[in-house]
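A structural walkthrough
Residues per chain are reported as follows:
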Amino acid sequence: MANELRFKTARDLFMACPAVAGDMVALPTEQPSIEFCRALLAGRVPEEAITFCAYLLPERAAVWWAHECLSHLTDLLDSRDQELLALVHEWVGQPDSPHHSAEVSKAAAMPPTTPAAWIALAAGWRGNGTTTDMAAASHLQSFPAAHAVNAGVLAGLARVALADRFSVLSAFVEMGIQMAEIEALRQSADAN
């Protein structure tokens, strides 16, 4: 399975996405990506496994993963964050819909101050790493969508009680790994 992933090794990911080095302290190795991610989870800073997942997944899948993570924390989110999650859910289903694109762009133009606001920002970013409204998001325009996904998931995780945090973090990472493997299978099937 690991050979079909977007990035075979951690070093491949770091080389393709140099911004990840700004979000992580861990240095890349030649370990397969999934092994590296699990080693991060078992390491000194397990939150870096969240960061690695955010960059490992293709952009749309990363936004969906973040949506799914935050959906498990709805009792810790306010009504605005829940509205943003619903908007992100619609966008993932139909990213090219003019209605969804306009709504996500509007949400992404607001400063991200909550977990779901970060995820909406990630959904608003396009392949070049910027929102459609450059002026509104100029302070973040040099970051890839994975940076916003990472910030949103970690901001949500920070709201979890300390006693439960590692188990929730582990579940999020395992979900990210599973999504990466599913994406790899999907892309492999599409190629055939």
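Before going into details, it helps to say that this report is about the structure given with it. (Residues numbered from 1 in each chain as written. Predicted model: local features only at pLDDT ≥ 70, side-chain atom pairs only at ≥ 80, totals over all residues. Heavy atoms only, no water.)

Helix and strand counts for the protein chain stand at 10 helices and 0 strands. Listed by position from the N terminus, the elements making up the protein chain come as α-α-α-α-α-α-α-α-α-α. Looking at the protein chain residue by residue over its 192 residues, the buried ones come to 49%. Here the analysis covers contacts within the protein chain between residues at least 6 apart in sequence; of these, 62% occur between residues at least 24 apart. (Helix = DSSP H or I, 4+ residues; strand = E, 2+ residues; numbered from the N terminus. Buried < 20%, exposed > 50% of the residue type's maximum accessible area, 1.4 Å probe, protein only. Contact = heavy atoms within 4.5 Å.)

Moving on, we get to the nonpolar core. Core analysis: the largest hydrophobic core is formed by 65 residues, its most contacted members being Phe52, Val63, Trp65, Val149, Phe172 and Val173. With 9 residues, helix α10 (residues 162-191) is the single largest residue contributor to this core. If we ignore the near neighbours within four places in the chain, the residues touching Val63 are Val88, Trp91, Val92, Ile119, Ala122, Ala123 and Val149. (Core = buried A, V, L, I, M, F, W, Y, C linked by side-chain atoms within 4.5 Å.)

Following the criterion strictly, the structure yields 0 disulfides and no others. Unpaired in this structure, Cys37 has its nearest cysteine sulfur neighbour in Cys53, at a distance of 3.6 Å. On the basis of relative accessibility, which here comes to 0%, the residue Cys37 falls in the buried class. (Disulfide = S-S within 2.5 Å.)

Checked against the element boundaries, Arg186 lands in helix α10. Residues Arg186 and Glu4 lie 182 residues apart in sequence; the distance between their C-alpha atoms is 9.9 Å. Here the side chain of Arg186 touches Glu183 through a polar contact of 2.8 Å, side chain to side chain. (Polar contact = N/O pair within 3.5 Å; in protein donor to acceptor, adjacent residues only side chain to side chain.)

This part takes up the side chain of Asp81. Structurally, Asp81 can be placed in helix α6 (residues 79-93). A distance of 2.4 Å separates polar atoms of two side chains, one belonging to Asp81 and the other to Thr114. Discounting chain neighbours no more than four positions away, the residues touching Asp81 are Thr114, Pro115, Ala116, Ala117 and Arg159.

Assignment of secondary structure puts Ser33 in helix α3 (residues 33-42). Ser33 sits in the buried class, given a relative accessible area of 0%. With sequence-adjacent residues up to four places away left out, Ser33 is seen in contact with Leu5, Phe7, Lys8, Thr9, Ala10, Phe52 and Leu56.

Before going further, it helps to examine α3. Looking only at α3, the buried set comprises Ser33, Ile34, Phe36, Cys37, Leu40 and Leu41. Here the buried residues of α3 occupy an arc of 160 degrees about the axis, which is enough to place them on one side. Contact partners of the buried residues in α3: α1 (10-16), α4 (47-56) and α10. (Arc of directions from axis to C-beta.)

All right, on to the packing of aromatic side chains then. Scanning the entire structure with this criterion turns up 2 aromatic pairs. With 6.4 Å between their ring centres and 85 degrees between their planes, Phe14 and Phe36 make a pair best called edge-to-face. Of the two residues, Phe14 sits in helix α1 while Phe36 sits in helix α3, which places them 22 residues apart along the sequence. You can call Phe14 buried: its relative accessible area is 11%. Note on Phe36: relative accessible area 4%, which makes it buried. (Phe/Tyr/Trp six-rings, centres within 6.5 Å; stacked < 30°, edge-to-face > 60°.)

This part takes up the pattern of salt bridges. This structure, assessed with the given rule, holds 4 salt bridges. Between Arg11 and Glu30 there is a salt bridge, and its shortest N-O distance comes to 2.5 Å. Residue Arg11 is located in helix α1, and its partner Glu30 is located in the loop between α2 (20-23) and α3; the two are separated by 19 residues in the primary sequence. Of the residues examined, Glu30 reaches a relative accessible area of 51% and is grouped as exposed. (Salt bridge = Lys/Arg side-chain N within 4 Å of Asp/Glu carboxyl O.)

Worth remembering: the numbers are spatial, not functional.
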